[in-house]
Amino acid sequence: MKHYQASDGPLVSVREALREGLRQSMLQDSSVFLMGEEVAEYQGAYKISKGLLDEFGPQRVIDSPISEYGFSGLGVGAAFMGLRPVIEFMSFNFSMQAIDHIINSAAKTYYMSGGMIQSPIVFRGPNGMAAGVGAQHSQCFASWYMHCPGLKVVCPYDSASAKGLLEASIQDPNPVVFLEHELMYGKSFPMPEVMDPWPLGKALVRKEGLHVTVVSFSFSLDLCLKAAEILEGEGISLEVIDLCSLRPLDTQTVMESVSKTHRMIVVEEGWPVCGVGSEISAYIGQHAFDQLDAPIMRLAGRDIPLPYAQNLEAACVPQVQDLIDCVRTLCQGAF
């Protein structure tokens, strides 16, 4: 298990870290280019691509028409021909317009061509809820894309993981779905000036603990770390695991943690039916059942379209107190 020291390095926002990861990748490899709506002249809907047009020019930072189906298909074709496109969706909710290219072209062609045609492409942008933007702009697509063979699925949390995982995703020979989170863009975290390579498919232990393994990713990891700090005062020690990649999934790190704590909660903001927590719970239930001293618990978003009103929105996604209540229930009478 790799442990992460959150105190290392200067404070850098997730937005800046993504920009630097993209910039470094473009400097190192001339086949890398960025394409999407408003990525060039407007410098990105979330300013991830700020300054890149001036540095790399309009042939490598390309404003597209408002047609996810069109520019995603163009990107897949470019990847087939040996380039390394980075396709930005203004929201992953709009990726549904391009899902035929993502699944039937990018994800399947390497297999269907007998390994003759690779598709080194990254589809990236904000995933999940924002703040009061309504049900059509608030879905978490993690389990959708995790379901599909041929894709790698990556979910960064902080600045170091955003930069490191984006660079690794761009270098990977396979299509990668890179799920950022709008509510994390403006948050700043320590980022080491020199980082080890970030291999895809490896989880991080964000906090070591003794009593309960809490598994999460992306924005939901924030509430896990806050709950862990509160519960320390009650003598309950949480081990918090950041999955980082959902496909491939680092089941080994989760197994090692459960073998130590003997209890597990999986936390995600997405819907519970066929969710990320379903897969992890099934795997641990099958392969580490004898290590469990209590049933696996899942904390997920409510099984309804996310409301527009922010008070109702907050009631539909896991909060810190929800996780604290789950932990107390799971540990009742144990200590």
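For the structure, check the block above.
The model shown is predicted, which means the values in this text are computed figures rather than measured ones.

Undergrad: Give me the overall build of the chain: which residues, what numbers.
TA: Each helix and strand counted, the chain has twelve helices and 15 strands in total. Taken over C-alpha atoms, the radius of gyration comes to 20 Å for the chain, in line with the 20 Å a tight globule of 335 residues would show. If you line up the chain on its principal axes, its C-alpha atoms span 65 × 40 × 40 Å. Taken across its 335 residues, the chain has 56% of its residues classed as buried. By sequence separation, contacts in the chain at least 24 residues apart represent 80% of the contacts at least 6 residues apart. In the form shown here, the chain has an accessible surface area of approximately 14,400 Å², with 54% of it arising from carbon and sulfur atoms.

Undergrad: Can you break down the environment of Ile103 residue by residue, with the values?
TA: With respect to the helices and strands, the residue Ile103 is situated in helix 4 (residues 99–107). Sequence-wise, Ile103 and Pro149 are 46 residues apart; in three dimensions their C-alpha atoms are separated by 8.8 Å. Contacts of Ile103, omitting those with residues within four sequence positions, involve Lys108, Tyr145, Cys148 and Leu151.

Undergrad: Please give an account of empty space enclosed by the protein that cites residues and values.
TA: Considering all chains together, one arrives at three cavities of 30 Å³ or more under this definition. There is about 40 Å³ of room inside the largest cavity. Lining the largest cavity we find Asn127, Cys140, His181, Phe217, Ser218, Phe219, Ser220 and Glu269. Here the lining of the largest cavity is built from residues that sort into three nonpolar, four polar and one charged.

Undergrad: Describe a negative patch on the surface, listing the residues and the values that go with them.
TA: A cluster of acidic side chains, namely Glu38, Glu41, Asp54 and Asp63, defines a negative patch on the protein surface. When you line up the elements, Asp63 lands in strand 4 (residues 61–63).

Undergrad: Let's hear about the pattern of salt bridges: which residues, and what values?
TA: For the coordinates displayed, the defined rule picks out 14 salt bridges. Here Asp172 and Lys152 are joined by a salt bridge, their closest N and O atoms 2.9 Å apart. Linking Asp172 in the loop between helix 7 (159–171) and strand 8 (176–180) with Lys152 in strand 7 (residues 152–154), this pair joins segments that are 20 residues apart in sequence. Assessed through its relative accessible area of 10%, Asp172 is described here as buried. Among the salt bridges present, the one from Lys226 reaches Asp222, with a minimum N-O distance of 3.7 Å. On the criterion of helical spacing, the pair formed by Lys226 and Asp222 is a turn pair, its members being four residues apart in helix 8 (residues 220–232). Judged by relative accessible area, which is 46%, Lys226 ranks as partly exposed. Judged by relative accessible area, Asp222 falls into the buried class, the value being 12%. One salt-bridge network, held together by shared partners, links Glu20, Arg23 and Glu55.

Undergrad: Describe the packing of aromatic side chains, naming the residues involved and giving the relevant values.
TA: A complete count under the given rule lists eight aromatic pairs for this structure. For the ring pair Phe141 and Trp144, a centre distance of 4.9 Å and an interplane angle of 75° mean the geometry is edge-to-face. Overall, the relative accessible area of 0% leaves Phe141 in the buried class. By the ring-pair criterion, three or more aromatic residues cluster together here, those being Phe71, Phe89, Phe92, Phe123, Phe141, Trp144 and Tyr145. Seen from the ring of Tyr42, Lys47 lies directly overhead, with NZ or CZ sitting 3.7 Å from the centre.

Undergrad: Go over the pairing of strand 14 (residues 264–267) with me, naming the residues and quoting the values.
TA: The alternating pattern of strand 14 places Met264 and Val266 on one face and Ile265 and Val267 on the opposite face, and all of these are buried. For strand 11 (residues 212–216) and strand 14, the ladder comprises three bridges, and the chain directions are parallel. In the sheet register, Thr213 faces strand 14, and the bridge partner there is Met264. Crossover connection from strand 14 via helix 10 (residues 276–287) to parallel strand 15 (residues 297–299): handedness right-handed.

Undergrad: Can you explain the state of the cysteines? Please cite residues and give values.
TA: Scanning all chains against the criterion turns up zero disulfides. The structure places no disulfide on Cys274, whose sulfur is separated from the nearest cysteine sulfur, that of Cys148, by 12 Å. According to the relative accessible area criterion, Cys274 is exposed, its value standing at 62%.

Undergrad: Please give an account of the environment of Ala314 that cites residues and values.
TA: Note on placement: Ala314 falls in helix 11 (residues 310–316). Judged by its relative accessible area of 33%, Ala314 falls in the partly exposed class.

Rules behind the numbers
- Residues numbered from 1 in each chain as written.
- Predicted model: local features only at pLDDT ≥ 70, side-chain atom pairs only at ≥ 80, totals over all residues.
- Heavy atoms only, no water.
- Helix = DSSP H or I, 4+ residues; strand = E, 2+ residues; numbered from the N terminus.
- Rg over C-alpha atoms; globule rule 2.2 N^0.38 Å.
- Buried < 20%, exposed > 50% of the residue type's maximum accessible area, 1.4 Å probe, protein only.
- Contact = heavy atoms within 4.5 Å.
- Areas by Shrake-Rupley, 256 points an atom, 1.4 Å probe, with all protein chains shown as cover.
- 1 Å grid on protein atoms, 1.4 Å probe; cavity = no way out; pocket = protein on both sides within 12 Å on 5 of 7 lines; lining within 4 Å.
- Points joined across faces, edges and corners; volume = space filled by probe spheres on them.
- Nonpolar A, V, L, I, M, F, W, Y, C, P; charged D, E, K, R; others polar.
- Patch = residues over 30% accessible without salt bridge, like charges linked within 9 Å, V, L, I, M, F, W, Y side chains within 5 Å.
- Salt bridge = Lys/Arg side-chain N within 4 Å of Asp/Glu carboxyl O.
- Lys, Arg positive; Asp, Glu negative; His and termini not counted.
- Charge placed at Lys NZ, Arg CZ, Asp CG, Glu CD.
- Phe/Tyr/Trp six-rings, centres within 6.5 Å; stacked < 30°, edge-to-face > 60°.
- Lys NZ or Arg CZ within 6 Å of the ring centre and 35° of its normal.
- Pairing = 2+ DSSP bridges.
- Right-handed = clockwise from strand over helix to strand, strands pointing away.
- Disulfide = S-S within 2.5 Å.

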